[in-house]
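Reading the structure
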Amino acid sequence: MTDTIQADLLAESDYVGRLYARLDELRAEKVRQLERTRAQGAIGTFQNMSERDSFATLYEDRIAQLDAVEDRLVFGRLDMAGNGQEQAEDPGTGSSPRYIGRIGLSDDELNRMMIDWRASEAAPFYQATALNPRGVRRRRHLMLSGRTVAGIEDDVLDETWLDEGHTHHGEGALMAALREKRTGRMGDIVGTIQAEQDAIIRAGLPGAVVVQGGPGTGKTAVALHRAAFLLYEYRERLKNAGVLIVGPSNSFMRYIERVLPSLGETGVVMSSVGELYHGLHAVPETNRTVARLKGQLSMAKVIANAVRNRQRLIPETRTVVVEGTRLSLTPKMVKNARERARHTHKPYNEARETFVKVLVGDLAEQLRRKLEESAGQSSTTDRSYLPQEVRESHDVRVALNLCWMPMTPQQLVAELFATPHLLAAAAPHLKEKDRDALYRRANSPFTEADVPLLDEAAQLLGEFADPLAGAHTAQYEADVENAKAALLNMHTMLENAGIDGVVTAEQVAGVNQETAARLTAAERAVSDRTWAYGHIVVDEAQELSPMQWRLLVRRCPMKSFTIVGDIAQTSAASGASSWSQALEPFFGDRFELEELTVNYRTPAQIADAAVRVAQAAGLRITTPQAVREGDWPPVLTKTTEAQVEATLLDALAQELEYSAGGLQAVIVPQQDLHRVRAAVTAVHGDRVGTGSGGLSQDIVVITARESKGLEFDGVLILEPAELVDEVDGGVGDLYVAMTRTTQRLHVVHTRQLPEGLEQ
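Cut-offs used in this document
- Residues numbered from 1 in each chain as written.
- Predicted model: local features only at pLDDT ≥ 70, side-chain atom pairs only at ≥ 80, totals over all residues.
- Heavy atoms only, no water.
- Helix = DSSP H or I, 4+ residues; strand = E, 2+ residues; numbered from the N terminus.
- Buried < 20%, exposed > 50% of the residue type's maximum accessible area, 1.4 Å probe, protein only.
- Contact = heavy atoms within 4.5 Å.
- Patch = residues over 30% accessible without salt bridge, like charges linked within 9 Å, V, L, I, M, F, W, Y side chains within 5 Å.
- Areas by Shrake-Rupley, 256 points an atom, 1.4 Å probe, with all protein chains shown as cover.
- Salt bridge = Lys/Arg side-chain N within 4 Å of Asp/Glu carboxyl O.
- Lys, Arg positive; Asp, Glu negative; His and termini not counted.
- Charge placed at Lys NZ, Arg CZ, Asp CG, Glu CD.
- UniProt positions renumbered as here; feature names shortened; annotations may be inferred.
- Pairing = 2+ DSSP bridges.
- Right-handed = clockwise from strand over helix to strand, strands pointing away.
- Expected span 1.5 Å × (residues − 1).
- Arc of directions from axis to C-beta.
- Core = buried A, V, L, I, M, F, W, Y, C linked by side-chain atoms within 4.5 Å.
- Phe/Tyr/Trp six-rings, centres within 6.5 Å; stacked < 30°, edge-to-face > 60°.
- Axes fitted to C-alpha atoms, helices over the stretch in contact; angles between N-to-C directions.
- Parallel < 35°, antiparallel > 145°, perpendicular 65-115°, else oblique.
- Left-handed = near helix turned anticlockwise from the far one by under 90°.
- Nonpolar A, V, L, I, M, F, W, Y, C, P; charged D, E, K, R; others polar.

- As annotated in an unreviewed UniProt entry, the chain carries the name ATP-dependent DNA helicase and comes from Glutamicibacter arilaitensis.

Spelled out as structure tokens, the structure:
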């Protein structure tokens, strides 16, 4: 290491040390403030306690943010042409540097020490080029090891910089980052965002932005960094509504979960498509016919029919007994009550209250007349208790429920697909073979394809009346009365002390009730199905069905979306063949299509092979330019059925040597998953993980579907022809599997290779 490089490293390390010292000061200050706030305890007025809780939450959030940005706190520096706007001059360079980091930092005198990467002053770090330097003379990337600067990479944009005797180090931070080993967790790209990515990240909030890009173009990274940018730039608009990030699977969500906290944001809601219905963990839908049928927009009408069909009439008069008196429930009475309930235009369960009220009233009047006729009593006799007697009658409850049963979305959907005649009545447009395909047992687990149907049902059914709600109300009222009695004895003492009115009985009764005001927007949104988000980010969006899009648009009425995907990677049965097909039913033509053109992940030799496979299958794909050639072409190993397992294990051993501690994926057909995982585990033990939770191990055995959005140092694919067969002849999953690698691709096969893959 030359003396010049060593001197620059020491100078940068000194400044980075000052930044970390300031971070420690701020964190210690917030910890002290939090401790003081907690030490106050439940004392003072209710307003004081509410303020205490608010400050405690504020301090906790700030501490979480400061903890999350500890790793690589600062990553960049700009040496600008003098314009009178920069920081104090750096004696080592004669210029005025701007340090760029994960958050903004200022010293005690409010002098800026580091600029948040999302601030407008940081934009030149990502947007400056030699043709348009934007006032930048040198862009420096700082590589940190812990809190020490371990390396420097410089981009000189002003040709006179070196002429003035300044230094230049390294070959570029981007290439250095691409050579790093994968960890099983997605890392942020905040230090290496490229100009075309930055333009998308900093696009305005309103409207829908579609980010189309081939494998390795950084679509997911762009989407996450855009979410962080929007929360910074539009914080006042989004802090109460929140941002939702949706991904294709639980393994994908775990893969990306650390990115936003590392960018200074901790309040985002993240969900896989299988968890978009609160409280449900849906399983994948393995039947492609069922997935296609349930994904069609016509299923919204099927659910609406199913709800309406549960509002039944009776074919003939039915006798009900109330306290020994026989009453007649006629078809005309039921029809009248149903029409009056429907005219309220309320959701099913809420309209049922009107239905019940009307019929109970009619039966109570009938009961009154019969009682007066039999007793010869005057109509002036108090009969106000009769509606309650009618309501409590077993016969009446059974009759009303048969006509209009209160329903949960889970009940409705489960019974719909488990009862052929209900499905036939709700979906007369479906062919019999399609209805047969949709049939399943009532206790079957809900799948990802059911999630939008459940959401649709919930929208139409409304809230399910809680039978205990009355008891809760009565208990609360009793608590208030008890509190009033307790406070009465203290009233004089409080008044003499001059603090009359500090506390009320209602406040005492409700002191232990958790209120929504104490929760963050993200915490409230997670538990509220009807929550309207300020912005939604959708990754692998090409896989969504029309019904899934319908669900998401309901979650964001303003239709502010960042939509990320690659049409060529579509493999879902009801996925999109074009962005227009997917989005026009919901957005019309009001979406902007942006395209990423550079492949940062996959070496050119492997990317070209994947493109040949896709084009041979007739897919129209974007062909992003790979930034590096790579050292190895795809390795193709043919074997026999009898030797396939041994060949796979030999190939894996070979790939592990090449990866030298990197992350290796074995991508297999669904039908072979358990067998292959068991065989690999028998040899490599606890080094083997799964896509659902084992990305921290260095060997991962997963399906092509589970690999979506992930990346590995090496990929070993078993039987690519079967990956094609699994998705009805489509090559989307194979295309995905081939492009997950950053270094090597090895294919083991017994069958003929798909066209385009042969050498």
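Observations regarding the environment of aspartate 395
- With respect to the helices, strands and loops of the structure, aspartate 395 is situated in helix H16 (residues 394-403).
- Aspartate 395 sits in the partly exposed class, given a relative accessible area of 27%.
- In this structure, the C-alpha to C-alpha distance between aspartate 395 and valine 321, residues 74 residues apart in sequence, is 6.1 Å.
- Setting aside residues no more than four positions away along its own chain, aspartate 395 makes contact with Val320 and Val321.

Some remarks on a negative patch on the surface
- On the surface, Glu350, Glu353, Glu463 and Asp528 cluster together into a patch of negative charge.
- With respect to the secondary-structure elements, aspartate 528 resides in the loop between helix H24 (521-526) and strand E12 (535-538).

Some thoughts on the UniProt feature "binding site: ATP" (unreviewed entry) in the chain
- Sequence positions flagged by UniProt for "binding site: ATP" (unreviewed entry) are, in local numbering, Gly213, Gly214, Pro215, Gly216, Thr217, Gly218, Lys219 and Thr220.
- Of note, glycine 213 is situated in strand E7 (residues 208-213).
- Its relative accessible area of 0% is what places glycine 213 among the buried residues.
- With residues near it in sequence (within four places) discarded, glycine 213 still touches Lys219, Gly565, Asp566, Gln569, Leu596 and Thr622.
- When you line up the elements, threonine 220 lands in helix H7 (residues 219-233).

So, the pairing of strand E13 (residues 561-565)
- Across the five residues of E13, five count as buried, placing the element largely inside the fold.
- Across the two faces of E13 the burial is the same, with Phe561, Ile563 and Gly565 and Thr562 and Val564 all buried.
- Pairing of E7 with E13 involves five bridges; the strand directions are parallel. Within E13, the position partnered with valine 210 by the bridge is isoleucine 563.
- Judged from the three bridges that link them, E12 and E13 form a sheet pairing that is parallel. Across the sheet, the residue bridging to valine 537 is threonine 562, located in E13.
- Handedness of the crossover joining E12 and E13 through helix H25 (residues 546-555): right-handed.

Digging into helix H13 (residues 331-342)
- The terminal C-alpha atoms of H13 lie 16 Å apart, and with 12 residues this matches the ideal 16 Å at 1.5 Å per residue to within 8%.
- Those residues of H13 that fall on the buried side of the exposure criterion are Met333, Val334, Ala337, Arg338, Ala341 and Arg342. Looking straight down H13, one finds that the buried residues subtend no more than 160° of arc, so they occupy a single side.
- Looking at the buried positions of H13, the neighbouring elements they touch are helix H12 (298-309), strand E11 (325-329), helix H14 (348-375) and H16.

Section: the nonpolar core
- Counting residues in each nonpolar core, the largest one holds 85 residues, and the members touching the most others are Phe355, Trp549, Leu552, Phe561, Ile563, Leu583 and Phe587.
- Sort the elements by how many residues they give to this core and H14 lands first, with 10 residues.
- Setting aside residues no more than four positions away along its own chain, phenylalanine 355 makes contact with Val334, Ala337, Arg338, Ala341, Leu400, Cys403 and Trp404.
- The next biggest cluster of nonpolar side chains, apart from the first, holds 70 residues, and it includes Leu205, Val222, Val715 and Ala737.

Brief notes about the packing of aromatic side chains
- All chains considered together, the criterion is met by nine aromatic pairs.
- The interplanar angle of 85° and the centroid separation of 6.4 Å between the aromatic rings of tryptophan 549 and phenylalanine 587 together place this pair among those described as edge-to-face. With tryptophan 549 in helix H25 and phenylalanine 587 in helix H26 (residues 579-587), this pair connects stretches of sequence that are 38 residues apart.
- Residue tryptophan 549 is classed as buried on the basis of its relative accessible area, which comes to 1%.
- Judged by centre distance (5.4 Å) and plane angle (70°), the rings of tryptophan 632 and tyrosine 658 are edge-to-face. Pair noted here: tryptophan 632 is in the loop between strand E16 (625-626) and strand E17 (635-638) and tyrosine 658 is in helix H28 (residues 644-659), with a separation of 26 residues, a long-range link.
- Tryptophan 632 gets classed as partly exposed once you look at its relative accessible area, which sits at 25%.
- Assessed through its relative accessible area of 41%, tyrosine 658 is described here as partly exposed.

Things to note about the sheet that holds strand E5 (residues 136-145)
- Across the sheet, six strands lie side by side as E3-E4-E2-E1-E5-E6; this open sheet has mixed pairing. Strands with a single pairing partner mark the edges of an open sheet, and in this sheet they are strand E3 (105-106) and strand E6 (148-156).
- Bridge count for strand E2 (residues 96-101) against strand E4 (residues 112-116) is two bridges, and the pairing is parallel. Within E4, the position partnered with glycine 101 by the bridge is aspartate 116.

Quick word on the packing of H28 against helix H29 (residues 673-684)
- One way to put it is that H28 packs onto H29 with a least axis distance of 11 Å and a crossing angle of 55°. Comparing the axis directions of H28 and H29 gives the class oblique. You can see that H28 and H29 cross each other, and the crossing is right-handed. From H28, Glu645, Leu648, Leu649, Leu652 and Leu656 reach across to H29, where they touch Arg675, Val676, Ala679, Val680, Val683 and His684.
- Taken together, the residues that form the contact of H28 with H29 break down as eight nonpolar, one polar and two charged.

A closer look at the packing of H12 against helix H17 (residues 409-418)
- Relative orientation of the contacting elements H12 and H17 amounts to 100°, with a least axis distance of 11 Å. Relative to H17, the element H12 lies roughly perpendicular. Each of Met299, Val302, Ile303, Ala306 and Val307 in H12 lies in contact with H17, whose residues at this interface are Leu412, Leu416 and Phe417.
- Partitioning the contact of H12 with H17 into residue classes produces eight nonpolar, no polar and no charged.

Describing H29
- If you check H29, its first and last C-alpha atoms are 16 Å apart, about what 12 residues at 1.5 Å a residue would give, namely 16 Å.
- Regarding H29, the residues found buried are Leu673, Val676, Arg677, Ala679, Val680 and His684. Angular distribution of buried residues about the axis of H29 spans 165°; they occupy a single face of the element. What points out from H29, more than 90 degrees from its buried face, is the exposed set His674 and Ala682.
- Following H29 by one or two positions, glycine 685 adopts a phi angle in the positive range, close to 60°.

Observations concerning unusual backbone geometry
- Here the phi dihedral of arginine 134 falls at roughly 55°; this positive angle occurs in a residue that is not glycine.
- Secondary-structure assignment places arginine 134 in the loop between helix H3 (123-127) and E5.
- By relative accessible area, arginine 134 is classed as partly exposed at 37%.
- A positive phi angle, near 55°, is found at lysine 559, a position not held by glycine.
- As for its placement among the helices and strands, lysine 559 is situated in the loop between H25 and E13.

Some words on the environment of glycine 565
- The topology assignment puts glycine 565 in strand E13.
- A residue is classified by how much of its surface remains accessible, and glycine 565, at 1% relative accessible area, is buried.
- Along the sequence, glycine 565 and glutamate 540 sit 25 residues apart, while their C-alpha atoms lie 4.6 Å from each other.
- With sequence-adjacent residues up to four places away left out, glycine 565 is seen in contact with Val211, Gln212, Gly213, Lys219, Ala541, Gln542 and Trp579.

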